[in-house]
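Inside the fold
Given next are the chains, with one letter for each unit.
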Amino acid sequence: MFTKEEKEAIYKVIYHRRDIRSFLSTPIPENTIHKILNAAHHAPSVGFMQPWNFILVSSNEIKEKLAWAADKERRALAIHYEGEKETKFLSLKVEGLKESPLTICVTCDPTRGGSHILGRNSIPETDALSTACAIQNMWLAASAEGLAMGWVSFYKKNDIRDILEIPPHIEPIALISIGYTDDYPEKPILELADWEKRRSLDNLIFQNKWGEN
Ligand SMILES: Cc1cc2nc3c(=O)[nH]c(=O)nc-3n(C[C@H](O)[C@H](O)[C@H](O)COP(=O)(O)O)c2cc1C
């Protein structure tokens, strides 16, 4: 079904994709944005509920407000660390909302499709999980297009609802910064900053029962 080259291409995109927080101001062609959003829209979703919306924020004034909300949360979260770890946390760049030419707020509507979405009655958060699948599709498509993307989740949802006039029942799942960059590292930024490293896959795989290798 897929040629050898096509198979290699998908793995290449998966391994190449990075979370990016530094962007150039170069604008993104509109049809490229549409292709990325269409990739998102072809993600799997529980009961085919497609709970997502995409708010495209190009206004500098609104981006400034979003960056304020994220920075407020970053400073609040610093209380979870002490001493050296706190200094390191505060030195990490955790968003590039003001720099990127476009921010996309990806939302999830838990009411879409009514109250008995196939499969969602058992695990209600499958709506948000579906939205995360859409975001991952966007991320891979953006990488393939030579674009950089950053997932920002440092915020209080109500701050984002206020700024973007999102109704109270809609969940702002992510703020996505998207744009071109001249800094696309081969390894996760948190690994390069010595904050965390990739765990060994072998230790994460069990056979038949939890904990059995
Ligand atoms: C659900 C989710 C939320 C995230 N939130 C943030 C965030 O608020 N700020 C940030 O800098 N990175 C955020 N990230 C990016 C992760 O830090 C990043 O994916 C991880 O360090 C691995 O790096 P990589 O994506 O380059 O492989 C988030 C990623 C996910 C999946």
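Report follows, based on the coordinates. (Residues numbered from 1 in each chain as written. Predicted model: local features only at pLDDT ≥ 70, side-chain atom pairs only at ≥ 80, totals over all residues. Heavy atoms only, no water.)

**Observations regarding the packing of helix α3 (residues 60-77) against helix α6 (residues 157-164)**
How we decide: Here, axes are lines fitted to C-alpha atoms. For helices the fit covers the stretch in contact, and angles between N-to-C directions go from 0 to 180 degrees. The helix count covers DSSP runs of H or I at least four residues long, the strand count covers runs of E at least two residues long, and both are numbered beginning at the N terminus. Here the angle decides the label: under 35 degrees means roughly parallel, over 145 means roughly antiparallel, 65 to 115 means roughly perpendicular, and every other value means oblique. Note on contacts: a residue pair qualifies if any of its non-hydrogen atoms lie within 4.5 Å across the two residues. Residue polarity follows a fixed list, in which Ala, Val, Leu, Ile, Met, Phe, Trp, Tyr, Cys and Pro are nonpolar, Asp, Glu, Lys and Arg are charged, and the others, Gly among them, are polar.
At a closest axis distance of 10 Å, the pairing of α3 and α6 adopts a crossing angle of 170 degrees. Taken together, the axes of α3 and α6 lie roughly antiparallel to each other. Residues Ile62, Lys65, Leu66, Trp68, Ala69 and Lys72 of α3 lie in contact with α6, whose contacting residues are Asp159, Ile160, Ile163 and Leu164. For the contact of α3 with α6, the per-class residue count stands at seven nonpolar, no polar and three charged.

**A word on the packing of aromatic side chains**
Note the cut-off: In this scheme Phe, Tyr and Trp rings, the latter by its six-membered ring, pair at centre separations within 6.5 Å, and the angle between planes marks the pair as stacked below 30 degrees, edge-to-face above 60, and tilted otherwise. For the exposure calls, accessible area comes from a 1.4 Å probe over protein chains only, and a residue counts as buried if that area is under 20% of its type's maximum, exposed if over 50%, partly exposed in between. Charge over a ring is defined by NZ of Lys or CZ of Arg lying within 6 Å of the ring centre and within 35 degrees of the ring normal.
Throughout the structure, instances matching the rule amount to seven aromatic pairs. With a centroid separation of 6.4 Å and an interplanar angle of 25 degrees, the aromatic rings of Tyr11 and Tyr15 are classed as stacked. Of this pair, Tyr11 and Tyr15 both sit in helix α1 (residues 4-16), four residues apart, roughly one helical turn. Residue class for Tyr15 comes out exposed when judged on its relative accessible area of 62%. Pairwise contacts between aromatic rings join Tyr81, Phe89, Phe154 and Trp195 into one cluster. Above the plane of the ring of Trp139 lies Arg17, whose end atom (NZ or CZ) is 4.3 Å from the centre. In this structure, Lys85 packs its charged tip against the face of Trp195, placed 4.0 Å from the ring centre.

**What about the nonpolar core?**
For the record, the criterion: Side-chain atoms within 4.5 Å link the members of a nonpolar core, which is a set of buried Ala, Val, Leu, Ile, Met, Phe, Trp, Tyr and Cys residues.
By size, the foremost hydrophobic cluster in this structure holds 23 residues, and its most contacted members are Ile36, Ile104, Ile135, Met138, Met149, Ile176 and Ile178. When residues of this core are traced back to their parent elements, those giving at least two are α2 (30-41), β2 (102-108), α5 (126-144) and β4 (171-179). The biggest single contributor to this core is α5, with six residues. Listed in part, the 15 residues of the second largest apolar core include Leu66, Cys105, Val152 and Tyr155.

**Digging into the pairing of β4**
The condition that has to hold: For two strands to be treated as a pair, DSSP must find at least two bridges joining them.
Taken across its nine residues, β4 has eight buried, putting it largely inside the fold. Strand direction decides the pairing type here: β2 and β4, joined by seven bridges, are antiparallel. Bridge pairing links Ile104 to Ile176 in β4. Pairing geometry for strand β3 (residues 148-152) and β4, over five bridges, is antiparallel. Within β4, the residue paired with Met149 across the bridge is Ile178.

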